[in-house]
Amino acid sequence: MSKKTLVVIGNGMVGQNFLEGLAESAAAKEYQVVVFCEEPRVAYDRVHLSSYFSGTSAEELSLVEAGFFDSNGITLHLNDAVVEIDRDNKVIQSEQGTRIAYDKIVMATGSYPFVPPIPGYDRKNCLVYRTIEDLEAISAATQNGRVGTVVGGGLLGLEAAKAIKDSGLETHVVEFAPRLMAVQVDEGGGAMLRSKIEELGVNVHTNKNTQSIDDGEQCFHKMSFADGSALETDVIVFSAGIRPRDQLARESGLDVGQRGGIVINDQCQTSDPDIYAIGECALWGGRIFGLVAPGYHMARTVVDQLAGGDMSFTGADMSTKLKLMGVDVASIGDAHAQSQGALVYTYQNGSDEVYKRIVVSQDKKQLLGAVLVGDASGYSTLLQYCLNGIELPDEPDRLILPARSGESVGLGPDALPMSAQICSCYDVTKGDVCQAIESGCNTLPALKAETSASTGCGGCAALLKSVMDCELEKMGIEINTDLCEHFPYTRQDLYNLVRVGEITSFDELLAKHGKGYGCDICKPAVGSILASCWNDYILKKEHVGLQDTNDTYLANMQKDGTYSVVPRIAGGEITASDLVTLGQIGQKYGLYTKITGGQRIDFFGARLEQLPLIWKDLVEAGFESGHAYGKSVRTVKSCVGSTWCRYGVDDSVGMAIRLENRYKGLRAPHKIKFAVSGCTRECAEAQSKDIGVIATEQGWNLYVCGNGGMRPRHADLFATELDDETLIKYIDRILSLYVRTADRLQRTSVWMENMEGGLDYLKSVVIDDKLGICDELEAQMHHVVDTYQCEWKTTVEDEEKVKRFRFFVNSDQADDNVVFIEERGQIRPAREEERAHIKAVGV
Amino acid sequence: MPEWVDVCSIDDLQENSGVCCLVEGKQIALFYLKHETEQAVFALNNYDPIGKANVLSRGIIGSLSGEPVVASPLYKEHYSLKTGQCLEDESVAVDVYTVRLNNHRVEIQA
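Residues numbered from 1 in each chain as written. Chains lettered and ligands numbered in written order. Predicted model: local features only at pLDDT ≥ 70, side-chain atom pairs only at ≥ 80, totals over all residues. Heavy atoms only, no water.

Engineer: What's the story with the overall build of chain A in this structure? I'm lost.
Structural biologist: Regarding its fold elements, chain A presents 27 helices and 39 strands. For chain A, with 843 residues in total, the buried portion stands at 53%. Contacts in chain A between residues at least 24 apart in sequence constitute 61% of all its contacts with a sequence separation of at least 6. Per element, the accessible surface of chain A, about 36900 Å² overall, is 47% carbon and sulfur. (Helix = DSSP H or I, 4+ residues; strand = E, 2+ residues; numbered from the N terminus. Buried < 20%, exposed > 50% of the residue type's maximum accessible area, 1.4 Å probe, protein only. Contact = heavy atoms within 4.5 Å. Areas by Shrake-Rupley, 256 points an atom, 1.4 Å probe, with all protein chains shown as cover.)

In structure tokens form, the structure reads like this:
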């Protein structure tokens, strides 16, 4: 059967979501898909566009996985727009001259920014905020400007203002309406929002009707307003709303709305049943839906239609929750209390700058809408009340009043109907979640992987967890988080017991809180906790039996029972003479030598009894333990930085050495890797590390919780433009918190993923000191830094400790099972058959 | 009855950990379990039959459901200190030896 041809016009967020949905659908087999994308790049995340200014690259914003088009057999025409749809002959014509016969078309042409026709609107440095190219233009314009102004105080306008503010310009927002975000929030909320945004240094001008833009005196432009006032500015960004891109539909004779938008029915079909329209270009029920979630819903509807299903699109909830310049804002349903008989409750707290308003039905049973500014933590609960028609409690204002006596007014997950939507990004209902839990997804990561819930914006993570906990409890499943059979506690519990009870040995902890003898799970975990808390020498008599073999012998055991040895080379910087010394030591003991990924040198093939001899030589030559054997800070990788590099903006090597020397020896739930890059070219690959630092002209950008290896994770941007002291202060706090709260063998990446509230929560604890523990966290790190010792130096200086490295307690012989073969000029362990042969002939 | 062979002093052992000795060409791992009032010495062949290296003396010791065990430092299988049986694989076991403390000395029947 020959395939039908489906032409998709537009590859924005909704267009791409459609393609992904189609690829997984049964309809994929029936269609040859051809995509036209007018922009020079494939779909990217426009919701998080402003992060481009805080360092996120265009590649990172991309929504398309590498190889997506190829592996799904989709033909992509990049940089090419469809200019004509010949509906009579069912052929489309592209700008670059491609003509294709189609069976079906999906139009996902999106929208364009509306620029009010003010005289002077087309002057130089009058820009819009929509695409990456727009951002590049804004970025270029702000380089030489001092003042930037955004026309439009809506959601996107405030995003644009943030971008201008981040570029270091004096920032103004000019709004025609009497308040900011007039669509989503009421007067009271708008006033609170304004005061918070002004506090951040953005000048807000409301009730301003711009009449003209001319040459300025101090700045490039002068904006004149209807009330006679004026504003001088160098850059103007228009963000006065969006308009659907319906020109092609118009020219093709499809029905469009009076004020624009391609008219669609409940199946998302246009007036031509073979042509669908989805996303912001589509007009349903006289409305344009300028959010991504309804667009995705339309995309799913069309996929279902193509597969022969009967899904329909019947409008969408336009509730939103977002963070604008660090200010939480949320709007639900009928925020303006326009429903008949609606009653309003308002809570305003001027000192904490919180504004909350709920709109309820006349009988006080149903929640109709809400506005939250300054604290949007109640959003999920309120949204569930509103969307599911759940009956309100007797005094509805309790939902927005602060809990005075610790009572909880939150909506228990049990009260939600099965149809309640938990994740709006991926349309996952409570029913879907419950089904996944029944099929065995008992952990948050498993549940996310199975349902995709909470993998989009992540806003529903807390709700998802509470649904999971509630369901598991109902099913009688007890989640055993005990570390092992000897301790009925989690690692975090044990950490607290050790710290609070000032417990200094495993035996003491076992006697007080455990049973049995311990095992290879709890012993190293407790050994690590004791080391993190008290930083004792780990080979002290009472600790030595706790350590994994690598820690016991301060080296890394290899497959044949020999060890590898890694001296510390802080920041990867080493003198030629130290390099010669290392070479001589390697030669002396006949070791295999390799350069590691962490910019140091690894010696292999050291026999147990050779370790103290090798280290005596290393310590004498001034080397220290590299802690390659520990669950501890490993290396701080660096690029050469501003000292030598033409592009470097700061001394990355110097900072790397400083960081490595500060945190060396810190024991943690798992190993910790750092990197420092001297500029945003990022040669040190800092964004794949637990702690990544990148120099900018304005200071250090700090990235956290990245990972390479088996499960790569891109690090999150934690803070920007830091000076040296603040950088170190934040790292102290983050690492201390990680040591305190992570599970056994949990890398920072997984720690972050499992943290309720995620990155924002970590920021609130570390930057805003929400829990009031920052002093403690710093003190904890200072203790570790102050009590550092080189474990190898301590060991080689103590004859009793050196005895522990004898292979046999009663003989000086060596292990005859360790046999080496030469390969490429160095030794390697003999394979089993080689070893048998060599032993037999007695070589 | 094989003879008791004097191996080393009790001071050569490591509390709640292992050491290795050489007895008649055999590598034998000695584990010294000591908790409050209990103490016991166990002797196992040092060769890890799964990792194929002489490493068992360098494993962590402890107990699983009351059974004293050592965990191989290579791939973490557990072996009973009493019987040498591998807890993860029924078909695998290591040799065990009779061991005793005699006047501060460790003696073995190998």
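Engineer: Which parts of the structure should I look at to understand the sheet that holds strand β25 (residues 354-360) of chain A?
Structural biologist: Adjacent strands of a sheet pair through backbone hydrogen bonds, lying either parallel or antiparallel. All names here are of chain A. Sheet architecture is open: five strands sit in the order β22-β23-β26-β25-β24, paired in antiparallel fashion. Among the strands making up the open sheet, the edge pair consists of β22 (320-324) and β24 (343-349). Within this sheet the neighbouring strands show an average axis-to-axis angle of 10°, counted without direction. Pairing of β24 with β25 involves seven bridges; the strand directions are antiparallel. If you follow Tyr347 over to β25, its bridge partner there is Lys356. The strands touched by helix α6 (residues 187-199) are β23 (327-333), β24, β25 and β26 (367-373); relative to β26, the strand with the most contacts, the crossing angle is about 20°. On the sheet, helix α9 (residues 379-388) packs against β22, β23, β25 and β26 and is oriented at approximately 165° with respect to β26. (Pairing = 2+ DSSP bridges. Axes fitted to C-alpha atoms, helices over the stretch in contact; angles between N-to-C directions.)

Engineer: Even after reading the chapter, I still don't get helix α23 (residues 758-766) of chain A, so can you show me in this structure?
Structural biologist: All of the buried residues in α23(A) are A:Gly758, A:Leu762, A:Ser764, A:Val765 and A:Val766. Where the residues of α23(A) are buried, they touch β36 (699-704), β37 (716-722), α21 (724-741), α22 (748-754) and α24 (774-786) of chain A.

Engineer: Would you explain the interface of chain B and chain A in this entry?
Structural biologist: Interfaces are often sized by the accessible area lost when the parts come together. Listed as interface residues are 37 residues of chain B and, on the opposing side, 41 residues of chain A. Taking both sides of the interface into account, the surface hidden between chain B and chain A amounts to around 3000 Å²; carbon and sulfur atoms contribute 51%. Looking at the side of chain B facing chain A, the largest losses of area belong to B:Leu22, B:Arg58 and B:Ile60, adding up to 24% of the total buried there. On the surface where chain B and chain A come into contact, there are three salt bridges. (Buried area = accessible area lost by both parts, 1.4 Å probe. Salt bridge = Lys/Arg side-chain N within 4 Å of Asp/Glu carboxyl O.)

Engineer: Looking at this structure, I do not really get a negative patch on the surface. What am I missing?
Structural biologist: A contiguous patch of negative charge, built from A:Asp507, A:Glu542, B:Glu36 and B:Glu38, is present on the exposed surface. Among the secondary structure elements, B:Glu38 is positioned in strand β4 (residues 38-45). For B:Glu38, a relative accessible area of 44% corresponds to the partly exposed category. (Patch = residues over 30% accessible without salt bridge, like charges linked within 9 Å, V, L, I, M, F, W, Y side chains within 5 Å. Lys, Arg positive; Asp, Glu negative; His and termini not counted. Charge placed at Lys NZ, Arg CZ, Asp CG, Glu CD.)

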